[in-house]
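Breakdown of the fold
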Amino acid sequence: VQLQASGGGLVQAGGSLRLSCAVSGRTFSTYAMGWFRQAPGKEREFVSAITWNGGSTYYADSVKGRFTISRDNAKNTVYLQMNSLKPEDSAVYYCAAGRNWVGADYYYAGHYDYWGQGTLVTVSS
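Read on for a plain summary of the structure. Quantities reported herein were computed from a predicted structural model and do not represent experimental measurements.

This part covers the overall build of the chain. Regarding its fold elements, the chain presents 0 helices and 11 strands. Of the regular secondary structure in the chain, the N- to C-terminal order runs β-β-β-β-β-β-β-β-β-β-β. The C-alpha atoms of the chain give a radius of gyration of 13 Å, which matches the 14 Å a tight globule of 125 residues would have. C-alpha atoms of the chain, sized along the principal axes, occupy 40 × 25 × 25 Å. Within the chain, the proportion of its 125 residues that are buried is 42%. Look at the contacts in the chain between residues 6 or more apart in sequence, and 57% of them connect residues 24 or more apart.

With antiparallel pairing, the 4 strands of this open sheet are ordered in space as E1-E3-E8-E7. Edge positions in the open sheet fall to strand E1 (3–6) and strand E7 (67–72), since each of these has one partner strand only. Direction aside, neighbouring strands of the sheet carry axes that sit 15 degrees apart on average.

So, on to the pairing of E7. Residue alternation in E7 divides its side chains into a buried set, Phe67, Ile69 and Arg71, and an unburied set, Thr68, Ser70 and Asp72. Summarising the sheet, E7 and strand E8 (residues 77–82) pair through 6 bridges and their orientation is antiparallel. Bridge pairing links serine 70 to tyrosine 79 in E8. Linking two consecutive strands that pair antiparallel, namely E7 and E8, is a turn of 4 residues; a positive phi of about 50 degrees is found at asparagine 76 within it.

Here the structure, examined in full by the defined rule, presents 1 disulfide. The disulfide that involves cysteine 21 links it to cysteine 95, with 2.1 Å between the sulfurs. Disulfide cysteine 21-cysteine 95: torsion about the S-S bond near 65 degrees, hence right-handed. Taken together, the residues cysteine 21 in strand E3 (residues 17–23) and cysteine 95 in strand E9 (residues 91–98) connect sequence positions 74 residues apart. The exposure classification of cysteine 21 matches that of cysteine 95, with both residues buried.

Among the 6 residues of E8, 5 are classified as buried, and the element is accordingly described as predominantly covered. Sheet topology places E3 next to E8; 6 bridges connect them, and they run antiparallel. Counted as the bridge partner of leucine 17 is methionine 82 from E8.

Now for the nonpolar core. In terms of nonpolar packing, the biggest core is built from 35 residues, with Met33, Trp35, Leu80, Met82 and Tyr93 touching the most fellow members. Elements with a contribution of two residues or more to this core: E1, E3, strand E4 (32–38), strand E5 (45–50), E7, E8, E9 and strand E11 (119–124). Considering each element in turn, this core owes the most residues, 5 residues, to E9. Those residues in contact with methionine 82, other than ones at most four positions away along the chain, are Gly15, Ser16, Leu17, Leu19, Arg66, Phe67, Tyr93 and Val121.

Scoring rules and cut-offs
Residues numbered from 1 in each chain as written. Predicted model: local features only at pLDDT ≥ 70, side-chain atom pairs only at ≥ 80, totals over all residues. Heavy atoms only, no water. Helix = DSSP H or I, 4+ residues; strand = E, 2+ residues; numbered from the N terminus. Rg over C-alpha atoms; globule rule 2.2 N^0.38 Å. Buried < 20%, exposed > 50% of the residue type's maximum accessible area, 1.4 Å probe, protein only. Contact = heavy atoms within 4.5 Å. Pairing = 2+ DSSP bridges. Axes fitted to C-alpha atoms, helices over the stretch in contact; angles between N-to-C directions. Disulfide = S-S within 2.5 Å. Core = buried A, V, L, I, M, F, W, Y, C linked by side-chain atoms within 4.5 Å.

Structural data, given as structure tokens:
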């Protein structure tokens, strides 16, 4: 399984971006997917996650109401729509794939099996 994240860029505060993560392999629909981010000098943090069938979604409190995660299993792609962006959203964003979650496993990077290379999001004030 390989993941390729894209869609990052430079945007002004209040603007929007949509990140995409294309996943290779025929087993995409069996994986739950997540987005994490890492700003310079900070630890990687959970942003959002979605179950294998899109039935449940999860968000960090810092992005709730502004970001929306979705997936298209026919296209082997997961998306992160980011609205009302703030300078503190600036980071490298990573997509990840995992299976066999229990409870709040989606929150922890260690419960993901595969990671993309990251895409840089910069929000100017």
